[in-house]
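Coordinates in review
Spelled out from the first residue to the last, the chains are:
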Amino acid sequence: MCTRVVYLGPEKTIITARSMDWKFDMGTNLWAFPRGMKRDGAAGPNSIEWTSKYGSVVATCFDNGSADGMNEEGLVANMLYLTETKYPTPTDERKALALSAWAQYVLDNYATVDEAVKELRNEPFYIVSSDAPDATEAEGTIHLSISDPTGDSAIFQYIKGNLNIHHNREYQVMTNSPTYDQQLALNKYWEQIGGTTMLPGTNRAADRFVRASFYIKAIPKTSDINEAIASAFSVIRNVSVPLGISTEKEPNISSTLWRVVADHKNKRYYYESTRHPNVFWVNLSDMNFTAGEPTKKLTLTDNHFFAGNVAEKFEPTEPFSFVPKAKIDS
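Below is a short write-up of the structure.

Take the sheet that holds strand β14 (residues 173-174) next. Reading across from one edge, β14-β1-β2-β15-β16-β17-β19 is the order of the seven strands in this open sheet, with mixed pairing throughout. Unpaired on one side and paired on the other, β14 and β19 (308-309) mark the two borders of the sheet. Sheet topology places strand β16 (residues 268-273) next to strand β17 (residues 279-283); five bridges connect them, and they run antiparallel. In the strand pairing of β17, Tyr270 is matched with Trp281.

Given below as structure tokens:
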């Protein structure tokens, strides 16, 4: 359920692409947040508090959490599912942060991957989990990837209550289970076989990881941004899951609902729904992120069709609330 990949091209042509896979429509809309927003971790009286340093554009799930996004400095955050996740039980005085606000906290506060890693390694907060939005009352188990205009990447996973950070420009791909260290080991095996000899073709997360790793390195590297964007889209489409798929032996495999491609260099955020035959984008340079400006929303849930740069189509809207326990009816 979900794949994320980073294209590393010449002349600072850096692109992050991701697919969002889930069992049913997540009610996704795009939101634009200005600088200077006062926020809290939406996790009760012990919540962490902050004021956003950077404006951002995000894609939401059910308009109660930021699932993906890019800030005005070109930092990108992607939240993906990971069954093995186990968040810590706090034994100290750290502040709490709802899982639904994790990506937004990063986008609000950091300009680069290195800056984020240095501060988050000290664990200034602990994560309060949310229920998975599938009416099963299962615990939401998420891991987070970030990337920036230098091509740097980091993967944040909570395993057995401990924060594991994988920080390296070479960590271009993330999917779901197993844990990241095991994914890397599996990928090394397939690298010895060679992608032109054979690639695993199922929708399982480990197979998508291998295919994405091979294709993102095999495609041509160019500074022609149109070609680079097209290449990134082609890779993320290759590892997407057919809409409406149902597999009895793999009930956790979900359909791809939408894809985003983030152009770090030009601060451009592309969106593609699997239900609409068109791609549109947001030029962040055309958004007014000045402190005091209103929060704005681009509503996608009313079946409107968009094309081209939609920056001017966002409408002022009261910001949504991040929730630690999201009870969603399917």
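For the rest of this paragraph, the subject is the packing of aromatic side chains. Per the stated rule, a full pass over the model turns up 19 aromatic pairs. Relative to Phe306, the ring of Phe280 has its centre 5.5 Å away and its plane inclined at 65°; by these criteria the two rings are edge-to-face. Placement of the pair is Phe280 in strand β17 and Phe306 in the loop between β18 (296-298) and β19, with a sequence separation of 26 residues. Take Phe280 and Phe306: they sit in the same class, and that class is buried. Chaining the aromatic ring pairs together yields one cluster made of Trp31, Phe33, Phe320 and Phe322. Positioned above the aromatic ring of Phe33 is the side chain of Arg39, whose terminal nitrogen or guanidinium carbon lies 4.5 Å from the ring centre.

Side chains three or four residues apart in an α-helix point the same way, a direct result of the helix having 3.6 residues per turn. With eight of its eight residues buried, helix α1 (residues 102-109) lies for the most part within the structure. Burial in α1 covers these residues: Trp102, Ala103, Gln104, Tyr105, Val106, Leu107, Asp108 and Asn109.

Inspection of every chain in the model, using the stated rule, returns ten salt bridges. With a shortest N-O distance of 3.5 Å, Asp207 and Arg204 are connected by a salt bridge. Between Arg237 and Glu272 there is a salt bridge, with its nearest N and O atoms 2.7 Å apart. Here Arg237 is found in helix α5 (residues 225-238), whereas its partner Glu272 is found in strand β16, with 35 residues between them in sequence. Judged by its relative accessible area of 9%, Glu272 is buried. Via salt bridges that share partners, Arg237, Arg259 and Glu272 belong to a single interconnected network.

Moving on to the sheet that holds strand β13 (residues 162-167). An order of β13-β12-β11-β8-β7-β6-β3-β18-β20 is seen for the nine strands of this open sheet, with the pairing classed as antiparallel. Because the sheet does not close on itself, it has two edges, and the strands there are β13 and β20 (315-316). Sheet analysis places strand β8 (residues 76-81) next to strand β11 (residues 142-147), joined by six bridges and oriented antiparallel. From the neighbouring strand, Val76 faces β11, where its bridge partner is Ser147. Along the sheet, α1 makes contact with β3 (30-33), β6 (56-60), β7 (66-71), β8, β11 and β12 (153-159), crossing β11 at roughly 20°.

Analysis parameters
Here, residues in each chain are numbered from 1, in the same order as that chain's written sequence. Totals for whole chains, interfaces and linings use every residue, but because this is a predicted model, local features are given only for residues with pLDDT of at least 70 and side-chain atom pairs only at 80 or more, for both listing and counting. Each side-chain value is worked out from all heavy atoms of the structure, with water and hydrogens disregarded. We call two strands paired when DSSP finds no fewer than two bridges between them. Helix numbering and strand numbering both begin at the N terminus, where a helix is a DSSP run of H or I of at least 4 residues and a strand a DSSP run of E of at least 2. Working definition: rings of Phe, Tyr and Trp (its six-membered ring) pair if their centres are within 6.5 Å, and the pair is stacked with planes under 30 degrees apart, edge-to-face with planes over 60 apart, and tilted otherwise. For each residue, the accessible area found with a 1.4 Å probe, counting protein chains only, is set against the maximum for its type, and the residue is called buried under 20%, exposed over 50%, and partly exposed in between. The rule is short: NZ of Lys or CZ of Arg within 6 Å of the ring centre and within 35 degrees of the ring normal puts a charge over the ring. A pairing counts as a salt bridge when a side-chain nitrogen of Lys or Arg comes within 4 Å of a carboxyl oxygen of Asp or Glu. Contacts were defined at the residue level, with two residues in contact if any of their heavy atoms lie within 4.5 Å. Note on definitions: angles span 0 to 180 degrees between N-to-C directions of axes, and those axes are lines fitted to C-alpha atoms, for helices only across the stretch in contact.

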